[in-house]
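Spelled out from the first residue to the last, the chains are:
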Amino acid sequence: MKLKIAVLPGDGIGPEIIDQGVKVTKAIAERFGHEIEFEEALVGATAIDKVGDPFPEETFELCKNSDAVLFGAIGDPKYDNDPKAKVRPEQGLLAMRKKLGLYANVRPVTTFPSLIDKSPIKKELVENVDFVVLRELTGGIYFGEPQGRSEDGKTAYDTNMYHKYEVERIVKLAISYVLKRNKKLTVVDKANVLATSRLWRETAQEIAKEYPELNMDFMFVDNAAMQLIQNPGQFDVMVTENMFGDILTDEASVITGSMGLLPSASIGLLTSVFEPIHGSYPQAAGKNIANPLATILSVAMMFEYAFDLHEEGKLIREAVDKSLEEGYVTEDLPTGNSRSTSEVGDWIEKYIRG
Ligand SMILES: NC(=O)c1ccc[n+]([C@@H]2O[C@H](COP(=O)([O-])OP(=O)(O)OC[C@H]3O[C@@H](n4cnc5c(N)ncnc54)[C@H](O)[C@@H]3O)[C@@H](O)[C@H]2O)c1
């Protein structure tokens, strides 16, 4: 297959982890006989520093004209610590999601047998955890207008807004996952307080009527935060709004053992984006210590979701499982013998090359 991938390393650890993702993609391409062209573009703080725009038009054009986007992370403390900055790296991330129409972020949460003992949660609770969170990505409070400050600067406001069509399309997508997995859909909201959540609940109930075989329940987000730790095995497919999904999936990363393990796919109207769920982890930037597995597993999702190449995805997952079994891991997964980011990437690349 002939493919073009837009590569957006971004900020902080972005370039280091993306290097490993590209290495793995090249190894897969050679092993399976695919011809893959990579083209790199700017995003985030790096893009602001170079061209004054966190999601430049050229980056958008490249993404639009590629078969998939492989994205690292954005974010820089110099902007995080300057609340008055007019242009921010996060605007680049939100612009990418909006312009590419990436309305659904798919985040699988599975535990790795070799890491069960390392989870801060009891073994019997995390064993066999296997669920998917669909986080709405282009609506809600991260995009709602108006947003701002009063003239005297003493009041600030954000707007949480959802349109019915936004809820419909992601609930339908979530149901397509449930039907493949054949189990249960949990809609997470705060319908006892928020009007937007009541729209979510009402819309999900209407859609569910078309699927009599569907086992659907609703859970308030505060309860979901607790249940994720107390009984994560109960979940199969979870669908929720933008901010709830952002927070709950970071929490869910604890189940697996590290933020560096959770991949994601952002899918929507144009090109899909494959990205680890974590941020730019600035404390680790340039140190070659960040875990590259979330990125490498995002590459597996790219082969499966964007290119429909399942054997390729399976081999990447197998390589990741083996590196974990061998204890060939970065320092966030304590084995007493940690490896660098690039060593883990090299090990996985070599495994794939056979
Ligand atoms: N999608 C994105 O690009 C994205 C997502 C979240 C945060 N951010 C940005 O990233 C910056 C840092 O934010 P943060 O500290 O809240 O979140 P973060 O995800 O960057 O890091 C939080 C913690 O998770 C762990 N971690 C994250 N990635 C890891 C990896 N690959 N290997 C090992 N451990 C890892 C580290 O302990 C780290 O301290 C901010 O500027 C924020 O805005 C970007």
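Note that the structure is a prediction, hence the values are computed from the model and not measured. Position numbers for residues count from 1 along each chain, tracking the sequence in the order it is written. It should be noted that, the model being predicted, local features are given only for residues of pLDDT at least 70 and side-chain atom pairs only at 80 or more, the latter also being counted only at that level, while totals for whole chains, interfaces and linings use all residues. With hydrogens and water set aside, each side-chain value is computed from the structure's full complement of heavy atoms.

The secondary structure content of the protein chain amounts to 13 helices and twelve strands. The globule rule puts the C-alpha radius of gyration for 354 residues at 20 Å, and the 20 Å found for the protein chain is close to it. For the protein chain, the spread of C-alpha atoms along the three principal axes comes to 55 × 50 × 40 Å. Looking at the protein chain residue by residue over its 354 residues, the buried ones come to 53%. Contacts in the protein chain between residues at least 24 apart in sequence constitute 73% of all its contacts with a sequence separation of at least 6. Under the DSSP-based scheme used, a helix requires at least four consecutive residues in state H or I and a strand at least two consecutive residues in state E, with every element numbered from the N terminus. Here the radius of gyration uses the C-alpha set of atoms, whereas the globule reference equals 2.2 Å times the residue count to the power 0.38. Under the scheme applied here, a residue whose accessible area is under 20% of the maximum for its type counts as buried, over 50% as exposed, and between as partly exposed, the area being computed with a 1.4 Å probe on protein chains only. Only heavy atoms enter the contact rule, under which two residues are in contact if any of them lie within 4.5 Å.

So, on to the site of the ligand. Being near a molecule or strand, for a residue, comes down to having at least one heavy atom within 4 Å of it. If you check the shell around the ligand, you find 19 residues, and the closest are Ile 74, Asp 80, Glu 90, Gly 279 and Tyr 281. Within the backbone of Ser 280, one N or O atom sits 3.0 Å away from an oxygen atom of the ligand. Polar contact criterion, stated in full: a pair of N or O atoms within 3.5 Å, where within protein one must be able to donate a hydrogen and the other to accept it, and residues adjacent in sequence count only if both atoms are side-chain atoms. Here an oxygen atom of the ligand and a backbone polar atom of Tyr 281 are 2.8 Å apart. Reported accessibility uses the Shrake-Rupley method at a 1.4 Å probe radius. Residues are deemed covered only where the shown protein chains occlude them. Taken by itself the ligand offers 800 Å² of open surface, and the protein chains cover 71% of this. Sorting the residues of the shell around the ligand by element identifies strand 3 (68–73) and helix 5 (89–99) as the ones contributing at least two each. Residue composition of the shell around the ligand, by class: nine nonpolar, six polar and four charged. Basically, the charged four are Asp, Glu, Lys and Arg, the nonpolar ten are Ala, Val, Leu, Ile, Met, Phe, Trp, Tyr, Cys and Pro, and anything else, Gly included, counts as polar.

Moving on: the pairing of strand 2 (residues 35–40). Relative to strand 2, strand 1 (residues 2–10) is paired through six bridges, and the arrangement is parallel. Following the sheet pairing, Ile 5 is matched in strand 2 by Phe 38. A crossover links strand 1 with its parallel partner strand 2, the connecting element being helix 1 (residues 14–32), and its sense is right-handed. Should DSSP find at least two bridges between two strands, the strands are regarded as paired. With the strands aimed away from the viewer, a crossover counts as right-handed if its path from the first strand over the helix to the second runs clockwise.

With mixed pairing, the ten strands of this open sheet are ordered in space as 2-1-3-12-11-4-5-10-8-9. In this open sheet, the two edge strands, each paired with only one partner strand, are strand 2 and strand 9 (215–220). Neighbour-to-neighbour, the strand axes of the sheet open up by a mean angle of 25°, direction not taken into account. Note: strand 11 (residues 263–267) against strand 12 (residues 273–276), four bridges, orientation antiparallel. The angle between two axes is taken between their N-to-C directions and runs from 0 to 180 degrees, where each axis is a line fitted to C-alpha atoms and a helix contributes only its stretch in contact.

With a 1 Å grid spanning the protein atoms alone, the term cavity applies to any set of points in which a 1.4 Å probe fits but cannot get out, the term pocket to an open set with protein on both sides within 12 Å along at least five of seven lines, and the term lining residue to any residue with an atom within 4 Å of a point. Grid points are joined across faces, edges and corners, and a volume is the space filled by probe spheres set on the points. Here the largest pocket is characterised by a volume of approximately 1100 Å³. Around the largest pocket, the lining is made up of 43 residues, and of these Ile 74, Glu 90, Leu 93, Asp 246 and Gly 279 lie nearest the centre. Taken together, the elements giving at least two residues each to the lining of the largest pocket come down to strand 3, helix 4 (77–80), helix 5, strand 6 (144–149), strand 7 (156–159), helix 10 (242–256) and strand 12. With five residues, helix 5 is the largest single contributor of residues to the lining of the largest pocket. Its residues assigned to classes, the lining of the largest pocket comprises 18 nonpolar, twelve polar and 13 charged. For each domain, the first and last residues come from an automatic or database assignment. Looking at the lining of the largest pocket, you find at least three residues from each of domain 1 (1–101 + 263–354) and domain 2 (120–256). Counted as a void, the second largest pocket has a volume near 540 Å³. Forming the walls of the second largest pocket are 21 residues, and the residues nearest its centre are Pro 108, Thr 110, Asp 130, Arg 181 and Arg 317. At the level of elements, strand 4 (104–110), strand 5 (130–136), helix 7 (164–181), helix 11 (293–306) and helix 12 (310–325) are the ones that each hand at least two residues to the lining of the second largest pocket. A total of four residues in the lining of the second largest pocket trace back to one element, the largest contributor, which is helix 11.

This part is about the packing of helix 9 (residues 221–230) against helix 10. Close contact between helix 9 and helix 10 brings their axes to 9 Å; oriented N to C, the two are set at 10°. On the basis of their axis angle, the class for helix 9 and helix 10 is roughly parallel. The chirality of how helix 9 crosses helix 10 is right-handed. The segment helix 9 lies against helix 10, with Val 221, Ala 224, Ala 225, Leu 228 and Ile 229 engaging Phe 244, Leu 248, Glu 251 and Ile 255. Residue classes in the contact of helix 9 with helix 10 are distributed as eight nonpolar, no polar and one charged. Working definition: roughly parallel below 35 degrees, roughly antiparallel above 145 degrees, roughly perpendicular at 65 to 115 degrees, and oblique for all remaining angles. Each helix crossing is assigned a hand: it is left-handed if the near helix lies turned anticlockwise from the far helix by less than a right angle, otherwise right-handed if that turn is clockwise.

Within the element layout of this structure, Ile 289 appears in the loop between strand 12 and helix 11. Residue class for Ile 289 comes out partly exposed when judged on its relative accessible area of 21%. Residues Ile 289 and Ser 340 lie 51 residues apart in sequence; the distance between their C-alpha atoms is 5.0 Å. In this structure, Ile 289 is in contact with Glu 16, Ala 284, Thr 330, Glu 331 and Thr 341, ignoring residues within four places of it in sequence.

Between its first and last C-alpha atoms helix 10 spans 22 Å; for 15 residues at 1.5 Å apiece the expected length is 21 Å, and the two agree. Of all the positions in helix 10, only Asn 242, Phe 244, Gly 245, Leu 248, Thr 249, Glu 251, Ala 252, Ser 253, Ile 255 and Thr 256 are classed as buried. Its side-chain oxygen placed 3.0 Å from the backbone nitrogen of Met 243, Glu 241 serves as the N-cap of helix 10. Of the residues trailing helix 10, Gly 257 is marked for its positive phi of about 120°. To estimate how far a helix should extend, the number of its residues minus one is multiplied by 1.5 Å.

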